[in-house]
Amino acid sequence: MKYNVPMGPYHPALEEPYRLDLVCERETVKDAHLRIGFNFRGIERLAESRNYIQVIALMERVCGICSNIHTLSICQAAERLTGIEPPPRANYIRVVMAELERLHSHVLWAGIAGKVMGFKTMFMTCFALREKIMDILEAISGNRVNYAMNRVGGVNRDIEDPAAILRMVEEIEREMTRVVIPVFTTNRSALSRCEGVGVLTHERAVACGVVGPTARASGAGQDLRRDAPYAAYAEMDFNVPVESGGDVKARLVVRALEIVESCRILRQALAKLPSGPIHPEDEDVEFPSGSAVSRVEAPRGEVLYCISWEEDNENPTRVHVRTPTYANMPAIRWMVTGARLADTPLIQASIDPCYSCTDR
Amino acid sequence: MTPIAERIPETFDFGGTWEEKSGSWWLVPEAAGPRDVARAMLAHGARFITITATELADGGGVRMDYHWDLDCTVLTFTFTIRDKTAESVYTAESIYDLSEAANWIEREIHEYFAVEFTGRECEPLFLRAGQTPGVNLREEDE
């Protein structure tokens, strides 16, 4: 006999509101339907009534975790439209901020995954580490959540003492490689919850157009940092971890390896930080009529911004953002189909969903 | 062989003139619709990214920019839809049956801009239940 189990919009297993209607037979999920929109804020519409400085501040609030990525994407789109080139030092600082944000996001996710698995000690360990990453972000930007670092043509704040930041990063890296990564990649209790669970096949991943670690865990190896480099990524040496399992374990391993790669990029960027200005001297920004797109590899995957402007207008005529969770979430239906009902919270958590981003 | 991303204009002739802007390619296809473009993109292994819908001033319709990723290059195809059914609802071709990835964005555009996608169901509304389409991002109706 089939029966329906509604999960959400408010549910202990969900960090933010969305709804998953599960069709079950005994303990097995036979189908699922998703509903979003509980966090809709009309940010894209609001952006049409804000000038370019206000739009950057507004888009930073699309997401509380990858806020820097949103300002980076929209600033890059504006730079493409206006022809403004950020100076080399600004591009390196953008890489540092983006990788610190990736570390922060992946560690936060690892904590939540630990909690959903019933591994509360790991939750506490990860959140303690997250605090240290936020300390670094605060040391650079003065802020712990919305960093206000990006501006059209560069960044707002310099990294005064890269060596001090480097020491903080190395301490984080030691703890990551000593505690977090071994637990998630070798601990039998953790792996038993993840292996063979919530499989997204390569074919289905391609059909759904999933992005980021979710795609890379299903063997689709795109990473914009390597394949369409922006900021200073073309000057960084790093690997893109790809797994073929497509299960929760593969998504976990990809993120764990990405933590190591992020630390590697951070070490390079801080060591090679070029001298010079962090934004152009001329502060005037004039938008011609036209449209531009910009993409960035956020912690959860590709973010795309498309902006349109009319010359002499103070405000954009359109700002559209396609966030990674928006691309990844529909795939949850295929991940949970055939899974045990008890595994659905972990499976949906394994894409590291962000409903704030999705609903905008 | 030259990568396909470096011979976009020769490879995809949909009418109109290709324009390269900061590493991405833009085209207003004169001899193809969104479904023709989708078929050609998928045949070349492209990935659907999203659609940017923009309401044009003075009831001029809705501009739809279809963004595709081909070998890590963004290709954008712009269509303007002016056809209306009853009650100011615009109509456009759906590509959902060709690309599953277009499902949510078509439904979102249906709800935000009151665009009816032919050949698919967009009901019940999945973002904001119980309200008429076009209330979220579209100007108040004339």
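Residues numbered from 1 in each chain as written. Chains lettered and ligands numbered in written order. Predicted model: local features only at pLDDT ≥ 70, side-chain atom pairs only at ≥ 80, totals over all residues.

Quick word on unusual backbone geometry
Put simply, the test is: Under the scheme used here, helices are H or I runs from DSSP no shorter than 4 residues and strands are E runs no shorter than 2 residues, and both carry numbers assigned from the N terminus.
One non-glycine residue with positive phi stands out, namely A:A231, at about 45 degrees. Mapped onto the secondary structure, A:A231 falls in the loop between α10 (224–227) and α11 (248–271).

Concerning the nonpolar core
All names here are of chain A. Operational definition: The term nonpolar core refers to a group of buried residues, namely Ala, Val, Leu, Ile, Met, Phe, Trp, Tyr and Cys, whose C-beta atoms join them within 7 Å. Counting other C-beta atoms within 10 Å of its own, a residue is labelled buried from 20 upward, exposed at 12 or fewer, and partly exposed in the gap between, with every C-beta atom placed from the backbone. What counts as a contact here is a pair of residues whose C-beta atoms, placed from the backbone, lie within 7 Å.
Ranked by size, the top nonpolar core spans 149 residues in total, and within it I74, V95, V96, A269, Y305, I307 and A331 carry the most contacts. Broken down by element, this core gets its largest block of residues, 15 residues, from helix α4 (residues 88–117). If we ignore the near neighbours within four places in the chain, the residues touching I74 are V55, I56, M59, Y305 and I307.

So, the pairing of strand β3 (residues 28–35) of chain A
Regular strands have side chains that alternate between both faces of the sheet. Worth spelling out the cut-off: Paired strands are those between which DSSP finds at least two bridges.
Inspection of the sheet shows strand β2 (residues 19–25) of chain A paired to β3(A) by seven bridges, in the antiparallel sense. Across the sheet, residue A:L22 finds its bridge partner in β3(A), namely A:A32.

Remarks on the confidence of the model for chain A
Any segment with low pLDDT has predicted coordinates that should not be analysed in fine detail. Put simply, the rule reads: The predictor rates its confidence in each residue with pLDDT, a number between 0 and 100.
Averaged over every residue, the pLDDT of chain A is 89; the share at 70 or more is 100%. At the low end of the mean pLDDT range in chain A sits helix α15 (residues 355–359) of chain A, at 81; at the high end sits helix α9 (residues 212–216) of chain A, at 95.

Things to note about the interface of chain A and chain B
Stated formally: Each residue gets one label: Ala, Val, Leu, Ile, Met, Phe, Trp, Tyr, Cys and Pro are nonpolar, Asp, Glu, Lys and Arg are charged, and the others, such as Gly, are polar.
Counting from both sides, the interface comprises 27 residues of chain A and, opposite them, 23 residues of chain B. Taken together, the elements giving at least two residues each to the side of chain A that touches chain B come down to α1 (43–47), α8 (202–208), β6 (290–298), β7 (301–309), β8 (318–322) and α12 (324–328) of chain A. Classifying every residue of the side of chain A that touches chain B by side-chain character gives twelve nonpolar, seven polar and eight charged.

Some details on the sheet that holds strand β1 (residues 19–21) of chain B
Paired through backbone hydrogen bonds, the strands of a sheet run either parallel or antiparallel to each other. All names here are of chain B. Rules: Orientation is described by axes fitted as lines to C-alpha atoms, over the contacting stretch for helices, and by angles from 0 to 180 degrees between their N-to-C directions.
Pairing is mixed in the open sheet, where five strands are placed in the order β1-β2-β5-β4-β3. Either end of the sheet is taken by a strand with one partner, and the two such strands are β1 and β3 (47–55). The average angle at which neighbouring strand axes cross in this sheet is 25 degrees, direction not considered. Direction of pairing for strand β2 (residues 24–27) relative to strand β5 (residues 73–81): parallel, over a ladder of three bridges. Paired with W26 across the two strands is T76, which belongs to β5.

As for the sheet that holds β6(A)
Residues and elements named next belong to chain A. One open sheet accounts for three strands, arranged β6-β7-β8; its pairing is antiparallel. Of all the strands in the sheet, the pair left with one neighbour each is β6 and β8. When the angles between neighbouring strand axes are averaged without regard to direction, this sheet yields 15 degrees. Examined bridge by bridge, β7 and β8 share five bridges and lie antiparallel to one another. By the bridge assignment for β8, Y305 is matched with V321.

Considerations on the packing of helix α2 (residues 52–59) of chain A against helix α3 (residues 67–82) of chain A
Residues and elements named next belong to chain A. Convention followed: For classification purposes, angles smaller than 35 degrees are called roughly parallel, those larger than 145 roughly antiparallel, those between 65 and 115 roughly perpendicular, and all remaining angles oblique. Put simply, a crossing is left-handed when the front helix is turned counterclockwise from the back one by less than a right angle, and right-handed when it is turned clockwise.
Contact pair α2 / α3: the axes reach a minimum separation of 8 Å and the direction vectors enclose 150 degrees. It follows that α2 is roughly antiparallel to α3 by the angle criterion. The way α2 lies across α3 gives a crossing that is right-handed. Where α2 abuts α3, its residues Y52, V55, I56 and M59 lie against H70, T71, I74, C75 and A78.

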